[in-house]
Amino acid sequence: MSPSTDPSSAEVLNLTVDEVLTTTRNVRKRLDLSRPVARSVIEECLELALQAPNGSNNQGWEWVVVEDPKIKSDIAELQRQALEMFLSAAGPNPSVGTAVDVGRNQRMAQIGDSVLYLLERMQDVPALVVPAFLTPGRLEGANTFHQASTWGSILQAVWSFMLALRSRGLGSAWTTLQLWKERETADLLGIPYDNYTIAGVFPVAYTIGTEFKPAQRRPVQEVLHWDTW
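Residues numbered from 1 in each chain as written. Predicted model: local features only at pLDDT ≥ 70, side-chain atom pairs only at ≥ 80, totals over all residues. Heavy atoms only, no water.

**Brief notes about the packing of aromatic side chains**
Okay, step 1: Enumeration over the complete set of coordinates arrives at four aromatic pairs.
Okay, step 2: Ring geometry for Trp174 and Phe202: centres 5.1 Å apart, planes at 80°, overall edge-to-face. On the criterion of sequence distance, the pair formed by Trp174 in the loop between β3 (170-171) and α7 (182-189) and Phe202 in strand β5 (residues 202-206) is long-range, its members being 28 residues apart.
Okay, step 3: The class for Phe202 is buried, based on a relative accessible area of 1%. (Phe/Tyr/Trp six-rings, centres within 6.5 Å; stacked < 30°, edge-to-face > 60°. Helix = DSSP H or I, 4+ residues; strand = E, 2+ residues; numbered from the N terminus. Buried < 20%, exposed > 50% of the residue type's maximum accessible area, 1.4 Å probe, protein only.)

In structure tokens, the structure reads:
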């Protein structure tokens, strides 16, 4: 079933819960850059995302949706600068844009190519969603409890947002390169850097076609432990 061509609506696809869970992918090359996404569609998906569990029900999340072409271009440029920082820190065998195989994925070269494809077109995506969450100061140096409970209060919501997009014929990609330029991104968007942490930048667009397959994953028998490691 295809979503409606009306940009103000997004018909829910005829997918089971299991199909949504197993076919929600990081979508890069199949984002439709020419089709507008109505604010009402993004708001609808965020309403679902805000039902996600979060620490002590503090709901310390804020969401910036960027549609302005100039701001999108500035974010994209920061992300490209961030890639250079990442590659410099990664050393001679970076995993973006190379065929480095970490031993669990035979598609690293394709993934790297896909990452670079989106990086060159980030400013052309209809909307960029930037979630930020309230932190007791910066998380750098915080103990594991504070880091886990704080990140655990935004990641479920972002994933729920991506699931809601998928169920309506839209897609996104979990991009974190921006965090190499987090302060600059926060300043650009007016996010209080000292009190909020950015979780990433998520491009939002309708997908080209709605058929997606489950991804390559290790068998559960290889990763499951009963009682002890």
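Don't stop here, the text continues.
**A look at a nonpolar patch on the surface**
Okay, step 1: Taken together, Val220, Val223, Leu224 and Trp226 make up a surface patch of nonpolar side chains, about 440 Å² in accessible area.
Okay, step 2: Inspection of the secondary structure assignment puts Trp226 in the segment after α8 (220-223).
Okay, step 3: Since its relative accessible area comes to 69%, Trp226 is described here as exposed. (Patch = residues over 30% accessible without salt bridge, like charges linked within 9 Å, V, L, I, M, F, W, Y side chains within 5 Å. Areas by Shrake-Rupley, 256 points an atom, 1.4 Å probe, with all protein chains shown as cover. Salt bridge = Lys/Arg side-chain N within 4 Å of Asp/Glu carboxyl O.)

**Structural notes on the environment of Glu47**
Okay, step 1: By the element assignment, Glu47 lies in helix α2 (residues 39-49).
Okay, step 2: The sequence separation of Glu47 and Ala157 amounts to 110 residues, and the corresponding C-alpha distance is 9.9 Å.

**So, the pattern of salt bridges**
Okay, step 1: One pass over the structure, following the stated rule, counts ten salt bridges.
Okay, step 2: Linking Lys29 and Asp113 is a salt bridge whose minimum nitrogen-to-oxygen distance equals 2.5 Å. With Lys29 in the loop between α1 (17-23) and α2 and Asp113 in helix α4 (residues 108-121), the pair connects residues that are 84 residues apart, well separated along the chain.
Okay, step 3: Taking relative accessible area as the criterion, Lys29 reaches 41% and is therefore assigned partly exposed.
Okay, step 4: Connected via shared salt-bridge partners are Arg138, Glu140 and Glu182.

**Quick word on unusual backbone geometry**
Phi is mostly negative for residues that are not glycine, and the peptide bonds are mostly trans.
Okay, step 1: If you check the backbone angles, Ser56 has positive phi at about 55° while not being a glycine.
Okay, step 2: Although it is not a glycine, Asp227 adopts a positive phi angle of roughly 70°.
Okay, step 3: Of note, Asp227 is situated in the segment after α8.
Okay, step 4: Under the relative-accessibility criterion, Asp227 is labelled exposed at 84%.

Read these as layout, nothing more, since geometry by itself doesn't imply function.
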